[in-house]
Amino acid sequence: MFDIRYASGPKDAKHYDTARLREEFHVDGLFRKDEVHLAYSHVDRIIAGSIFPVDKTLNLEAGKELGVEYFLARREMGIINIGGKGRILVDGVAYEMERQDGLYIGSETREVSFASDDPADPAKFYVNSAPAHTKHPNVKINIKDASPVRMGTDAELNKRTIYQYVHPNVCKSCQLLMGMTILEDGSVWNTMPCHLHERRMEVYFYFNMAEDALVFHMMGEPKETRHIVMRNEEAVISPSWSIHSGVGTRRYTFIWGMVGENQEYTDLEVVATKDVL
Ligand SMILES: O=C[C@H](O)[C@@H](O)CC(=O)C(=O)O
Ligand SMILES: [Zn+2]
């Protein structure tokens, strides 16, 4: 059921060629019609992927990999809808999900199902899930509730708004932080100057990209950088030792999720551009 990824350390990863880098960190095959497609990373045991109900209703099910009775028995989940209107049924409570709507679902939630209102304009649910030690309330998050942070300048080609959906300012979670960053037209860089947060890992999901567009996702230790070529609706795992930054041939949008030791968004070390190799 899961696309399993084990953890790689920086001493090994610096020797990886393109194929191996992609095998370890790059996640594709997302958003296949009427399928749940999830990658399970052993880095902080984050699960990231897509739930794409078109003609069918899709249920969240625990595979043998989770070793529990139901998926969210010991996990929490964040969801952002990047498609048309849909519904998520959470233990009998229905949440109407418009495009850009988010939902936090706390642990001990038994039944979660996903459906689209119109198969011609289906909902596309991108999800992140992390181990959780306690139950927090389920919260629907409209983009207007997500705390916006405007960043960047025209000169640096990186004007963007970071919408923090699952964040202590918006809702409680055990460890998950999740949000969406929208670049302005003409801006192509995210997170440059880049940074590290040793205490949290991260997964990026790039979308709203034209067919022929690509993003070079930057990774690696600051003085041992590598890149992974990203197409529309692909994700990439960023271990806590790696920078994570990207530059596109055009503007794009991405969803980021972080899990780890703390929930301090600002607990990061900026790497000066002069120190990158
Ligand atoms: O630690 C923070 C995460 O990498 C992202 O939130 C960064 C981001 O969305 C951006 O700079 O545009
Ligand atoms: Zn980061």
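Going along each chain's sequence as written, the residues are numbered from 1 onward. Throughout, the order in which chains and ligands are written sets their labels, letters from A for the former and numbers from 1 for the latter. Owing to the predicted nature of the model, reporting of local features is limited to residues with pLDDT of at least 70; listing and counting of side-chain atom pairs is limited to 80 or more, with chain, interface and lining totals taken over all residues. To obtain the side-chain values, all non-hydrogen atoms of the structure were used and water was disregarded.

**Focus: the overall build of the protein**
Part 1: Numbering of helices and strands runs from the N terminus; a helix is a DSSP stretch of H or I covering at least four residues, while a strand is a stretch of E covering at least two. Of regular secondary structure, the protein possesses 2 helices and 24 strands.
Part 2: Based on C-alpha atoms, the radius of gyration is set beside the globule rule, defined as 2.2 Å times the residue count to the power 0.38. Computed over C-alpha atoms, the radius of gyration of the protein comes to 18 Å, within 12% of the 19 Å expected from 2.2 N^0.38 for 277 residues, which places it in the range of a compact globule.
Part 3: Across its three principal directions, the C-alpha atoms of the protein cover 55 × 40 × 35 Å.
Part 4: Accessibility here uses a 1.4 Å probe with only protein chains present; expressed as a share of the type maximum, an area under 20% marks a residue as buried, one over 50% as exposed, and anything in between as partly exposed. Split into buried and exposed, the 277 residues of the protein put 57% on the buried side.
Part 5: The criterion used for residue contact is that any of the two residues' heavy atoms lie within 4.5 Å. Considering only intrachain contacts with a sequence separation of at least 6, the fraction spanning at least 24 residues in the protein is 71%.
Part 6: All accessibility values rest on the Shrake-Rupley procedure with a 1.4 Å probe; residue burial counts only the protein chains present in the view. Put simply, the protein shows about 12,400 Å² of open surface, and 47% of that area lies on carbon and sulfur atoms.
Part 7: For the protein, the distance from the average position of its 32 positive side-chain charges to the average position of its 41 negative side-chain charges is 2 Å. Counting rule for charge: Lys and Arg are taken as positive, Asp and Glu as negative, and neither His nor the chain ends is counted. In plain terms, the charge of a residue is placed at NZ if it is Lys, CZ if Arg, CG if Asp and CD if Glu.

**Here we look at the site of ligand 1**
Part 1: To be near a molecule or strand, a residue needs just one of its heavy atoms within 4 Å of it. Taken together, 14 residues sit near ligand 1, with Arg160, Thr181, Thr191, Glu202 and Tyr265 positioned nearest.
Part 2: Nitrogen and oxygen atoms within 3.5 Å of one another constitute a polar contact, given that in protein one can donate a hydrogen and the other can accept it, and given that sequence-neighbouring residues count only through two side-chain atoms. Within the contact set of ligand 1, an oxygen atom lies 2.6 Å away from a side-chain nitrogen or oxygen of Arg160.
Part 3: At 3.4 Å from an oxygen atom of ligand 1 is found a side-chain nitrogen or oxygen belonging to Tyr204.
Part 4: With the chains in place, 98% of the 330 Å² that ligand 1 exposes on its own is no longer accessible.
Part 5: Those elements that place two or more of their residues in the shell around ligand 1 are β14 (160–166), β18 (200–207) and β23 (253–260).
Part 6: The greatest single-element share of the shell around ligand 1, amounting to 3 residues, is contributed by β23.
Part 7: The class makeup of the residues in the shell around ligand 1 is 7 nonpolar, 5 polar and 2 charged. Only Asp, Glu, Lys and Arg are considered charged in this grouping, and only Ala, Val, Leu, Ile, Met, Phe, Trp, Tyr, Cys and Pro are considered nonpolar; every other residue, Gly among them, is considered polar.

**Quick word on the coordination of the zinc ion (ligand 2)**
Part 1: Here a donor is an N, O or S atom found within 2.8 Å of the metal, or within 3.2 Å if the metal is Na, K or Ca; sites may look incomplete because water is not among the atoms. The protein atoms that coordinate the zinc ion (ligand 2) are His195 (NE2), His197 (NE2), Glu202 (OE) and His244 (NE2), at distances of 2.0 to 2.5 Å.
Part 2: Working rule for geometry: tetrahedral if four donors all subtend angles between 85 and 135 degrees; square planar for four, octahedral for six, if opposite donors exceed 155 degrees and the others stay between 65 and 115; irregular in every other situation. Classification of the site at the zinc ion (ligand 2) as irregular follows from its 6 donor atoms and the range of 74 to 171° in their angles at the metal.

**Observations regarding the UniProt feature "binding site: Zn(2+)" (unreviewed entry) in the protein**
Part 1: UniProt positions are given in the numbering used here, feature names are shortened, and annotations may be inferred rather than shown by experiment. The feature "binding site: Zn(2+)" (unreviewed entry), as given by UniProt, occupies His195, His197, Glu202 and His244 in the numbering adopted here. Despite a sequence span of 50 residues, these residues sit close together in the fold, their greatest C-alpha distance being 11.8 Å.
Part 2: Turning to its location among the elements, His195 is positioned in strand β17 (residues 195–196).
Part 3: Since its relative accessible area comes to 12%, His195 is described here as buried.
Part 4: With sequence-adjacent residues up to four places away left out, His195 is seen in contact with Ser242, Ile243, His244, Leu268, Glu269, Val270 and Val271.
Part 5: A distance of 3.4 Å separates polar atoms of two side chains, one belonging to His195 and the other to His197.
Part 6: If you trace the backbone, His197 turns up in the loop between β17 and β18.
Part 7: The class of His197 is buried, set by a relative accessible area of 2%.

**Looking at the pairing of strand β8 (residues 93–97)**
Part 1: Relative to β8, strand β7 (residues 86–90) runs antiparallel, the two being bridged by 5 bridges. Across the sheet, the residue bridging to Ile88 is Tyr95, located in β8.
Part 2: Criterion used throughout: strands pair if DSSP finds at least two bridges between them. Taking the residues between adjacent antiparallel strands as the criterion, β7 and β8 are bridged by 2 residues, where Asp91 takes a positive phi near 45°.

**Here we look at the packing of aromatic side chains**
Part 1: Planes of paired rings set the category: under 30 degrees apart is stacked, over 60 is edge-to-face and the rest tilted, where pairs are Phe, Tyr or Trp rings (Trp by its six-membered ring) whose centres lie within 6.5 Å. This model, assessed by the stated rule, comprises 15 aromatic pairs.
Part 2: Ring centres 5.8 Å apart and planes at 40° place the aromatic pair Tyr206 and Phe254 in the tilted group. Taken as a pair, Tyr206 in strand β18 and Phe254 in strand β23 lie far apart in primary sequence, 48 residues in all. Grouping residues by exposure puts Tyr206 and Phe254 together as buried.
Part 3: The rings of Phe31, Phe52, Tyr126, Phe205 and Phe207 are connected pair by pair, giving a single aromatic cluster.
Part 4: Any Lys NZ or Arg CZ that is within 6 Å of a ring centre and within 35 degrees of that ring's normal is treated as a charge sitting over the ring. The ring of Tyr16 carries Arg20 above its face, with NZ or CZ at 4.2 Å from the centroid.
Part 5: One residue, Lys124, lies across the ring of Phe31, its end atom 5.3 Å from the ring centre.

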